[in-house]
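Spelled out from the first residue to the last, the chains are:
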Amino acid sequence: MFHARRIVTAEDARRMASKRLPNMVFDYIDGAAGHGLGEAENRRVLNAIRLRTRVLRNVATQDLATDLFGRAAGLPFGIAPMGMCNLSAPGADLMLARLAARRNIPVGVSTASSTPLEKMIETAEGNAWFQLYYTDDRAAGDALLERARASGYTVLVLTVDVPVVGRRPRELKHGFQMPFRFGASQFIDCVLHPRWSLSTLAHGAPGLANFDGSTSRFDRSASRAGADWDYLERLRDQWKGRLVIKGVLDCEDACRIRDAGADAIQVSSHGGRQLDSAPLPIAALGDIRKAVGDDYPLFYDSGIRSGEDVVKACAMGADYVFLGRPFQFAIAADGERGLETYCSLLETEAKLTLAMLGARSICEIGADNIAGAQPGAACP
Ligand SMILES: Cc1cc2nc3c(=O)[nH]c(=O)nc-3n(C[C@H](O)[C@H](O)[C@H](O)COP(=O)(O)O)c2cc1C
């Protein structure tokens, strides 16, 4: 029996999830591109960032609230868009949406979500951003955008780092595919994880809820290579709300996206799931911040696991931070209670980190908080 109180770190949730989930589901969520070296190296660089501790600054209170497109967000981190979240547990999408509503933080709603996008924004009480993948089928793309607009989404996230789905050996070895297909090895995997299997059986296998399967379909392995600068220009004209471009790691691309009228860029390696030898996103964040200037909105995801990591990403130049896998693992470990526990520990760690840095608000955090960035800062 697992208890939420045992989730004290993201690794606790991951370990519990690895026991609960069938191997094919755990490997789908946890997996990375290639050998996973890029993902691991990004974690190593994040771990190596030293923050500058300051003293005698009266840090009796810490404020994590921040501005996000003119709206107050309760915490400096939100939920990254993830397809098929209900694989981690039945109802996972709605747990994430309820967390977004309670904490006033954005939940990314994937094109490939396992709950209809309309239900997600309603449950999140407006705190939902729709994530779009390019499709060659223009009418299908337009129909999704229209549904997003009609149901009240004001922020659209276009993910651009998946011209093709990355090669993820841990998925391939299980024959993982969407929609879900069962063969003998998947059956045995499920039998060996009865708790997940019975609850999934009771609620029905998760599907791609934004598509009815007959008039509209989502093909995960379809090429998205047709996305180009003309498409971005068209989308910018078409979508009147805020537009975020997710999956950017290059300074030249970032400047061109900014100049094309996007409202923000999300620096991300898709959690290391696309190209093993891609630039490390946490390093790219610092470079892109310098390239686009201090005032352009930059978001970050990939490898964030603790509240301290959130503060580090802000110090590296992020205005807002997102996490993916840990939220799903917290749900797999202990359902909605595990999710709340994990969110609260991120919050506590972030506040504690601010206090150690001599800061009262997350909005104060920037390059100045990196130890060694200023001559003599890290010296005895
Ligand atoms: C299981 C899973 C599914 C994902 N599905 C999507 C998706 O549908 N659209 C998208 O833009 N990103 C997707 N991502 C990437 C996340 O939005 C995010 O970039 C990544 O998870 C961040 O890294 P982290 O998991 O280390 O926090 C997915 C990630 C995972 C782990």
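Refer to the preceding data block for the structure.
Caption draft 1: Up close: the site of the ligand. Around the ligand sit 23 residues, and of these P81, S110, T159, D301 and G324 come closest. Between a nitrogen atom of the ligand and a side-chain N or O atom of Y133, the distance comes to 2.9 Å. Within the contact set of the ligand, an oxygen atom lies 2.9 Å away from a backbone nitrogen or oxygen of G303. Out of a free accessible area of 600 Å², the ligand has 98% covered by protein chains. With respect to the pocket detection grid, the ligand is positioned in the largest cavity.

Caption draft 2: Representation of the packing of helix α11 (residues 251–259) against helix α12 (residues 281–292) within the structure. Packing of α11 against α12 leaves a shortest axis separation of 9 Å and a crossing angle of 45°. Relative to α12, α11 is oriented oblique. Our pair here, α11 against α12, has a crossing hand that is right-handed. Two secondary-structure elements touch here, α11 through C251, A254, C255 and R258 and α12 through D287, I288, A291 and V292. When grouped by side-chain class, the residues that make up the contact of α11 with α12 number six nonpolar, no polar and two charged.

Caption draft 3: Highlighting the pattern of salt bridges. Counting across every chain of the model gives 24 salt bridges. Between R43 and D309 there is a salt bridge, with its nearest N and O atoms 2.8 Å apart. In this pair, R43 is assigned in helix α3 (residues 37–48) and D309 in helix α13 (residues 307–315), connecting sequence segments 266 residues apart. Among the residues examined, R43 registers a relative accessible area of 22% and is labelled partly exposed. Note on D309: relative accessible area 3%, which makes it buried. Between D319 and R289 there is a salt bridge; the shortest N-O distance is 2.9 Å. On the criterion of sequence distance, the pair formed by D319 in the loop between α13 and β10 (320–323) and R289 in helix α12 is long-range, its members being 30 residues apart. Looking at D319, the relative accessible area reads 35%, which means it is partly exposed. Among the ionic contacts, a cluster of salt bridges with common partners joins E11, R14, D27, D30, R170 and K173.

Reading guide: rules and limits
Residues numbered from 1 in each chain as written. Predicted model: local features only at pLDDT ≥ 70, side-chain atom pairs only at ≥ 80, totals over all residues. Heavy atoms only, no water. Near = heavy atom within 4 Å. Polar contact = N/O pair within 3.5 Å; in protein donor to acceptor, adjacent residues only side chain to side chain. Areas by Shrake-Rupley, 256 points an atom, 1.4 Å probe, with all protein chains shown as cover. 1 Å grid on protein atoms, 1.4 Å probe; cavity = no way out; pocket = protein on both sides within 12 Å on 5 of 7 lines; lining within 4 Å. Sits in = over half its atoms within 2 Å of the grid points. Axes fitted to C-alpha atoms, helices over the stretch in contact; angles between N-to-C directions. Helix = DSSP H or I, 4+ residues; strand = E, 2+ residues; numbered from the N terminus. Parallel < 35°, antiparallel > 145°, perpendicular 65-115°, else oblique. Left-handed = near helix turned anticlockwise from the far one by under 90°. Contact = heavy atoms within 4.5 Å. Nonpolar A, V, L, I, M, F, W, Y, C, P; charged D, E, K, R; others polar. Salt bridge = Lys/Arg side-chain N within 4 Å of Asp/Glu carboxyl O. Buried < 20%, exposed > 50% of the residue type's maximum accessible area, 1.4 Å probe, protein only.

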